Amino acid sequence: AIRKKSTKSPPVLSHEFILQNHADIVSCVAMVFLLGLMFEITAKASIIFVTLQYNVTLPATEEQATESTSLYYYGIKDLATVFFYMLVAIIIHAIIQEYVLDKINRRMHFSKTKHSKFNESGQLSAFYLFSCIWGTFILISENYISDPTILWRAYPHNLMTFQMKFFYIAQLAYWFHAFPELYFQKTKKEDIPRQLVYIGLYLFHIAGAYLLNLNHLGLVLLVLHYFVEFLFHISRLFYFSDEKYQKGFSLWAVLFVLGRLLTLILSVLTVGFGLARAENQKLDFSAGNFNVLAVRIAVLASICITQAFMMWKFINFQLRRWREHSAFQAPAVKKKPTVTKGRSSRKGTENGVNGTVTSNGADSPRNRKEKSS
């Protein structure tokens with residue numbers, strides 16, 4: 001008898017396999033770097049990825065503490081550290097998705113559109129809350145609140161504490177991890193441009209503050225911005241559970257405008273006045289001094305343009321909500337147009353990031369019930 005050869009093909013890394021097991025694949029890659037610390041041959045290479053680089057030990061002085069302190073500056077090796085913690089961010093993202101958000105989604109029976117928005121707000125609200133607490137702890141520990149002149153005094157701030165540098169490494173790692181997550185989470189094509197815009201804005205400003213040694217100002221602005229964004233996404237999560245919930249969005253709208261004003265005030269005060277009056281205004285790459293007129297104008301221009309762009313999106317979003325709400329409140333002869341406008345009103349409330357409205361369809365609980373029926 002002739003035996004038939006097996007027709008089964010060996011397992012390959014197909015598209016569906018990577019999507020379903022991406023957390024396990026990333027975990028294996030991260031474990032390779034951790035296991036490399038256990039062997040002397042690979043320890044020198046692995047330590048670049050796992051631990052912070054470029055540390056400087058300052059001797060103790062009589063005026064300060066009796067113990068020596070370790071400070072850090074940035075360099076090209078930070079890219080390896082950012083890559084490793086990007087893998088850690090992907091793993092944490094998958095854990096939150098599987099053990100928290102997916103369980104809530106199964107209980108609430110959200111529609112596909114609402115499901116993606118709930119996942120987005122759930123992930124971002126957890127990140128914003130963690131970053132706000134961490135950043136506030138750094139602000140308090142380094143006396144930024146009691147002495148605001150630290151934002152520009154003794155520039156360049158090329159030496160950072162461990163907490164400060166690790167905070168920036170974690171921020172860069174998180175926003176870099178958002179790019180592969182677009183693939184892992186099967187993001188819709190119409191949502192990808194919006195996602196790329198705000199991911200790129202985050203990376204541009206965080207990396208700019210880090211490379212230009214404006215880490216003090218960047219930390220304050222990030223904590224302020226993250227707090228406002230956390231309020232928006234947590235309000236959207238509550239809205240998904242109960243569509244009558246609107247108070248959180250009203251409070252967010254007020255704080256959003258105040259946040260933009262405070263961002264502009266702190267930026268102009270630090271860059272336009274504080275650094276402009278500093279004695280050392282010479283470009284020096286070795287010392288990390290970028291306090292020259294061209295750089296200051298570029299920094300203020302980028303901040304002002306970004307804030308104006310966000311306010312423009314926010315105003316358009318609020319005007320659209322107001323028009324749809326007014327149309328819904330106006331008496332109508334026919335019932336069908338009234339129901340349609342009501343749907344669009346609810347749709348406009350829950351869409352968007354930073355006040356931007358996406359092109360996704362209506363995903364309110366009533367629409368979900370009608371679709372399921």
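Residues numbered from 1 in each chain as written. Predicted model: local features only at pLDDT ≥ 70, side-chain atom pairs only at ≥ 80, totals over all residues. Heavy atoms only, no water.

1. Concerning a nonpolar patch on the surface
Thinking step 1. A cluster of nonpolar residues, M31, L34, L35, L37, M38, F39 and I47, forms a patch on the protein surface that exposes about 650 Å² of accessible area.
Thinking step 2. It is helix α1 (residues 15-36) that provides the largest number of residues to the nonpolar patch, a total of 3 residues.
Thinking step 3. Looking at the secondary structure, you find L34 in helix α1. (Patch = residues over 30% accessible without salt bridge, like charges linked within 9 Å, V, L, I, M, F, W, Y side chains within 5 Å. Areas by Shrake-Rupley, 256 points an atom, 1.4 Å probe, with all protein chains shown as cover. Salt bridge = Lys/Arg side-chain N within 4 Å of Asp/Glu carboxyl O. Helix = DSSP H or I, 4+ residues; strand = E, 2+ residues; numbered from the N terminus.)

2. Regarding the UniProt feature "transmembrane region" (unreviewed entry) in the protein
Thinking step 1. Within this structure's numbering, the places UniProt gives as "transmembrane region" (unreviewed entry) are residues 82-101, 122-146, 166-184, 196-213, 219-239, 251-273 and 293-315.
Thinking step 2. Secondary structure content for residues 219-239 is 100% helix and 0% strand, and the end C-alpha separation is 30 Å.
Thinking step 3. As a span, residues 293-315 carries 100% helix and 0% strand, and end to end its C-alpha atoms are 32 Å apart. (UniProt positions renumbered as here; feature names shortened; annotations may be inferred.)

3. Describing the packing of aromatic side chains
Thinking step 1. For the structure on display, the rule yields 38 aromatic pairs.
Thinking step 2. Where Y198 meets Y202, the ring centres are 6.3 Å apart and the plane angle is 85 degrees; that geometry is what we call edge-to-face. Taken as a pair, Y198 and Y202 lie in helix α6 (residues 192-211) at a separation of 4 residues, close to a single helical turn. (Phe/Tyr/Trp six-rings, centres within 6.5 Å; stacked < 30°, edge-to-face > 60°.)

4. Comments concerning unusual backbone geometry
Thinking step 1. For the peptide bond that leads from Y155 to P156, omega is 10 degrees, which places it in the cis range.
Thinking step 2. You can see P156 is positioned in the loop between α4 (112-141) and α5 (162-184).
Thinking step 3. Look at N143: it is not a glycine, yet its phi comes out positive at around 60 degrees.
Thinking step 4. Along the chain, N143 turns up in the loop between α4 and α5.
Thinking step 5. Owing to a relative accessible area of 44%, N143 belongs among the partly exposed residues under this scheme.
Thinking step 6. You will see that K186, though not glycine, has its phi angle at about 55 degrees, which is positive.
Thinking step 7. Summarising the element assignment, K186 is placed in the loop between α5 and α6. (Buried < 20%, exposed > 50% of the residue type's maximum accessible area, 1.4 Å probe, protein only.)

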